[in-house]
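Here are the chains, one letter per residue:
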Protein chains: 2
Amino acid sequence: MARRGPNNGGEKRDRILRAAVKIFSRKGFFNSKVSEIARAAEVADGTIYLYFRNKDDLLISLFEEKMGEVVADVRRRIAVGGNALEKLRIFIESHMDLLERESGLVEVLQVELRQSTKFLKDYTPVKFFEYLEIISDILEEGKREGVLRPDLNTSIARRAIFGALDELSLTYILSRKPKYHPSVTAAELCRLLLEGLCVPGASAGKG
Amino acid sequence: MARRGPNNGGEKRDRILRAAVKIFSRKGFFNSKVSEIARAAEVADGTIYLYFRNKDDLLISLFEEKMGEVVADVRRRIAVGGNALEKLRIFIESHMDLLERESGLVEVLQVELRQSTKFLKDYTPVKFFEYLEIISDILEEGKREGVLRPDLNTSIARRAIFGALDELSLTYILSRKPKYHPSVTAAELCRLLLEGLCVPGASAGKG
DNA sequence: TCTGAGTGAATGGAGATTCATTCACAAGGG
DNA sequence: CCCTTGTGAATGAATCTCCATTCACTCAGA
């Protein structure tokens, strides 16, 4: 439990979280100094320890809280989608859209979450699983509606979809002068997922 | 340039690299101590510095050399494939196959390469780009053969494919009791990529 | 006797965390 | 209304631990 902060409402706690996103995204967790984050948040080093147990706890709190906001946002957007295909498109667009609005946040989630999931003992990325779950739900709905292949393996497909999205985001983040706008990438990925790589009617069904 | 080693042939250097893979995969780069790697390689701490400039150089050398072997191996396998579709399948199977044979290596490449690409100044993952390039080549070939959609965006598709593969590998690595055998995952991914998510003839072409 | 690969104890620096102290404000008493 | 005192948020210099890297030394082989 990240200790509930002192102070009014916790705007200071929030300043620290935002500063952490900025510094972690710029230099990575291990290369970031607590004192740098403190400076960026305009807070004393010790203050950080009033709101977070330690550096790890700061990272984890950041993951869960920010990812929580992302999940809530995506859910809200998807709700207005008509059928599963449209929802899937919205999901993908939302993800790529987040890149532009909060690239720092996406960088941290992308690069550090992977590390942390593996090496921080007893940390389960709850909110991240929720994010994946949203994809499953869409796929299942698509099957029920009859627009998606009924024999689709949902748990493999959702990982594949997330992986594709994740890698495309990373490419965007890492290239100084991106080749494509995120929305272009989103559209292309949608098409790839729905139609596949093959020319219509080729390899697949017939033979 | 990782100093060319002393000693005969460099079997000691190789011991160090293998030990590094083991330790890095188990604890991550930043949580691994040079002395641990030395112990695992049955070598003195200082010996590591006869073969590598520093800890970073050890990681980078590991990336380039091991990734180089992977690239060479995949190229060899693909060479026997008939058309592009078959080559793509072989590529995917090779990747998933590597998971079983050298899971430690894949773990390091997966989890640390991403970090390093972003935070190690002046390191370009040459061999990794070659790996991606193999996918592009297959896709281009497929277009020429007329089995893949001619309007496919190769550079986006290759990233999407790699991302899907990468995420599925990660899932396999992180779960103690994997749900599927890598070969099952490979088959499912192939189908997903080639045919897409939709029921045959649905949303896509006709509409 | 000379060379240089190999060793591992000692060093130096970095940086996470602590804690004695300050300070702003609130409550109570005169 | 002003002063005294209590409370706890905030501070940041000092501490304490850890570990990459160094280098004086050993010793096997030529």
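Calculation notes
- Every residue gets a number counted from 1 within its own chain, in the order that chain's sequence is written.
- As they are written, the chains are lettered A onward and the ligands numbered 1 onward, keeping that order.
- Whole-chain, interface and lining totals are the exception, using all residues; otherwise, since this is a predicted model, local features are given only for residues with pLDDT of at least 70 and side-chain atom pairs are given and counted only at 80 or more.
- In computing side-chain properties, one takes all heavy atoms of the structure into account and sets aside hydrogens as well as water.
- What counts as a helix is a DSSP run of H or I of at least four residues, what counts as a strand is a run of E of at least two, and both are numbered from the N terminus.
- Multiply 1.5 Å by the residue count of a helix minus one, and that product is the helix's expected span.
- Throughout, exposure labels follow a simple rule: accessible area from a 1.4 Å probe, protein chains only, divided by the maximum for the residue type, with under 20% read as buried, over 50% as exposed, and the rest as partly exposed.
- In this description, contact between two residues means that some pair of their heavy atoms is separated by no more than 4.5 Å.
- Only protein atoms enter the 1 Å grid, on which a cavity is a set of points fitting a 1.4 Å probe that cannot get out and a pocket is an open set with protein on both sides within 12 Å along at least 5 of 7 lines, lining residues being those with an atom within 4 Å of a point.
- Grid points are joined across faces, edges and corners, and a volume is the space filled by probe spheres set on the points.
- Three residue categories are used. Nonpolar comprises Ala, Val, Leu, Ile, Met, Phe, Trp, Tyr, Cys and Pro, charged comprises Asp, Glu, Lys and Arg, and polar comprises the others, including Gly.
- Buried area is a sum: the accessible area each of two parts loses on coming together, probed at 1.4 Å, counted once for each and added.
- The working definition used for a salt bridge is a side-chain nitrogen of Lys or Arg within 4 Å of a carboxyl oxygen of Asp or Glu.
- N or O atoms closer than or at 3.5 Å make up a polar contact, with two conditions inside protein: a donor-capable atom paired with an acceptor-capable one, and, for residues adjacent in sequence, both atoms drawn from side chains.
- Stacked, tilted and edge-to-face are the three classes assigned to paired rings of Phe, Tyr and Trp, where Trp is represented by its six-membered ring and a pair needs centres within 6.5 Å; plane angles under 30 degrees give stacked, over 60 edge-to-face, the rest tilted.
- Convention adopted: a line fitted to C-alpha atoms gives each axis, helices being fitted over their contacting stretch, and angles between N-to-C directions are expressed from 0 to 180 degrees.
- To sort the angles, those under 35 degrees are grouped as roughly parallel, those over 145 as roughly antiparallel, those from 65 to 115 as roughly perpendicular, and the leftovers as oblique.
- Note: crossing handedness is left-handed where the near helix turns anticlockwise from the far helix by less than a right angle, and right-handed where it turns clockwise.
- The fit set for superposing copies consists of C-alpha atoms from residues with pLDDT of at least 70 in both; the fit itself is least squares.

Help me out: how do you make sense of helix H5 (residues 84-101) of chain B in this one?
Since the α-helix packs 3.6 residues into each turn, any two residues three or four apart lie on the same face. Residue and element names in this part refer to chain B. In a regular helix each residue adds 1.5 Å, so 18 residues correspond to 26 Å; H5 covers 25 Å between its end C-alpha atoms and thus fits that length. Of all the residues in H5, the buried ones are Ala-84, Leu-85, Lys-87, Leu-88, Ile-90, Phe-91, Ile-92, Ser-94, His-95, Met-96, Leu-98 and Leu-99. In the core, the buried residues of H5 are packed alongside helix H4 (55-79), helix H6 (103-119), helix H7 (126-145), helix H8 (154-174) and helix H9 (182-195).

Just to check I follow, could you spell out empty space enclosed by the protein for this structure?
Where empty space is left in the structure can be found by rolling a water-sized probe over the atoms. Considering all chains together, one arrives at five cavities of 30 Å³ or more under this definition. If you trace the largest cavity, you find it lined by Ala-160, Ala-164, Leu-189, Leu-192 and Leu-193 of chain A together with Ala-160, Ile-161, Ala-164, Leu-189, Leu-192, Leu-193 and Gly-196 of chain B. Mapped onto the lining of the largest cavity, the elements with two or more residues apiece are helix H8 (154-174) and helix H9 (182-195) of chain A together with H8 and H9 of chain B. Looking at side-chain class alone, the lining of the largest cavity contains eleven nonpolar, one polar and no charged residues. Counted as a void, the second largest cavity has a volume near 40 Å³. Contributing to the lining of the second largest cavity are Val-70, Asp-73, Val-74, Arg-77, Ser-94, His-95, Leu-98, Arg-101 and Tyr-131 of chain A. Elements represented by at least two residues in the lining of the second largest cavity include exactly helix H4 (55-79) and helix H5 (84-101) of chain A.

Explain the interface of chain A and chain B here, please?
By a widespread convention, an interface's size corresponds to the accessible area lost as its parts come together. Facing the 61 residues of chain A at the interface are 61 residues of chain B. Of the roughly 5300 Å² buried between chain A and chain B, counting both surfaces, carbon and sulfur atoms make up 63%. Three residues stand out in chain A for area buried against chain B, namely Arg-114, Arg-149 and Leu-197 of chain A, and they jointly supply 17% of the buried area on that side. At the surface where chain A touches chain B, the tally comes to eleven salt bridges. A salt bridge links Asp-166 of chain B to Arg-114 of chain A; the shortest N-O distance between them is 2.9 Å. Where chain A packs against chain B, one counts 32 residue pairs in polar contact (both at pLDDT 80 or more). Of all the secondary structure elements, the ones that give two or more residues to the side of chain A that touches chain B are helix H1 (11-27), H5, helix H6 (103-119), H8 and H9 of chain A. Classifying every residue of the side of chain A that touches chain B gives 32 nonpolar, 14 polar and 15 charged.

Hey, could you run me through the packing of aromatic side chains in this one?
Centre-to-centre distance and the angle between the planes together describe a pair of aromatic rings. Counted according to the given criterion, the structure contains 15 aromatic pairs over all chains. Seen in terms of ring centroids, Phe-24 of chain A and Phe-29 of chain A are 5.3 Å apart; in terms of plane orientation they differ by 55°. Their pairing is tilted. Classification of Phe-29 of chain A by relative accessible area gives buried; the value is 6%. An angle of 15° between the planes, with centres 6.1 Å apart, marks the rings of Phe-63 of chain B and Tyr-123 of chain B as stacked. Residue Phe-63 of chain B is found in helix H4, and its partner Tyr-123 of chain B is found in the loop between H6 and H7; the two are separated by 60 residues along the sequence. Residue Phe-63 of chain B is classed as buried on the basis of its relative accessible area, which comes to 2%. Take Tyr-123 of chain B: its relative accessible area is 9%, and that puts it in the buried class.

How should the packing of H7 of chain B against H8 of chain B be read in this particular structure?
Residues and elements named next belong to chain B. Two numbers describe how H7 lies on H8: the axes approach to 9 Å, and their chain directions differ by 120°. Relative to H8, the element H7 is oriented oblique. Judged by the sense of rotation from one axis to the other, the crossing of H7 with H8 is right-handed. Along the contact surface, H7 presents Phe-128, Phe-129, Tyr-131, Leu-132, Glu-133, Ile-135, Ser-136, Leu-139, Glu-140 and Lys-143, while H8 presents Thr-154, Ala-157, Arg-158, Arg-159, Ile-161 and Phe-162.

How should I be thinking about the relation of the copies chain A and chain B in this particular structure?
Between the two copies of the chain lies a relationship made up of a rotation around an axis and a movement along it. Expressed as a screw operation, the relation of chain A to chain B combines 0.0 Å of axial shift with a rotation of 180°, fitting to an RMSD of 0.1 Å. Here the copies are linked by what is in effect a two-fold axis. Residues of chain A ranked by C-alpha distance from the rotation axis are headed by Gly-196 of chain A, positioned 1.9 Å from it. A share of 100% of the interface residues of chain A reappears at the interface of chain B, consistent with the copies meeting face to face through the same patch.

Please explain the pattern of salt bridges as it appears in this structure.
As a working rule, side chains carrying opposite charge can pair if their charged atoms are close by. Under the criterion given, the structure shown has 47 salt bridges over all chains. Close ionic contact of Arg-18 of chain A with Asp-14 of chain A constitutes a salt bridge, the shortest N to O distance being 2.6 Å. Remark: Asp-14 of chain A and Arg-18 of chain A occur in helix H1; sequence separation between them is four residues, near one turn of the helix. On the basis of relative accessibility, which here comes to 48%, the residue Arg-18 of chain A falls in the partly exposed class. The partner of Glu-36 of chain B in a salt bridge is Lys-27 of chain B, with the nearest N and O atoms 2.9 Å apart. For Glu-36 of chain B, a relative accessible area of 12% gives the class buried. Connected through salt bridges with shared partners, the residues Arg-114, Arg-159, Asp-166 and Glu-167 of chain A together with Arg-114, Arg-159, Asp-166 and Glu-167 of chain B form a single ionic network.

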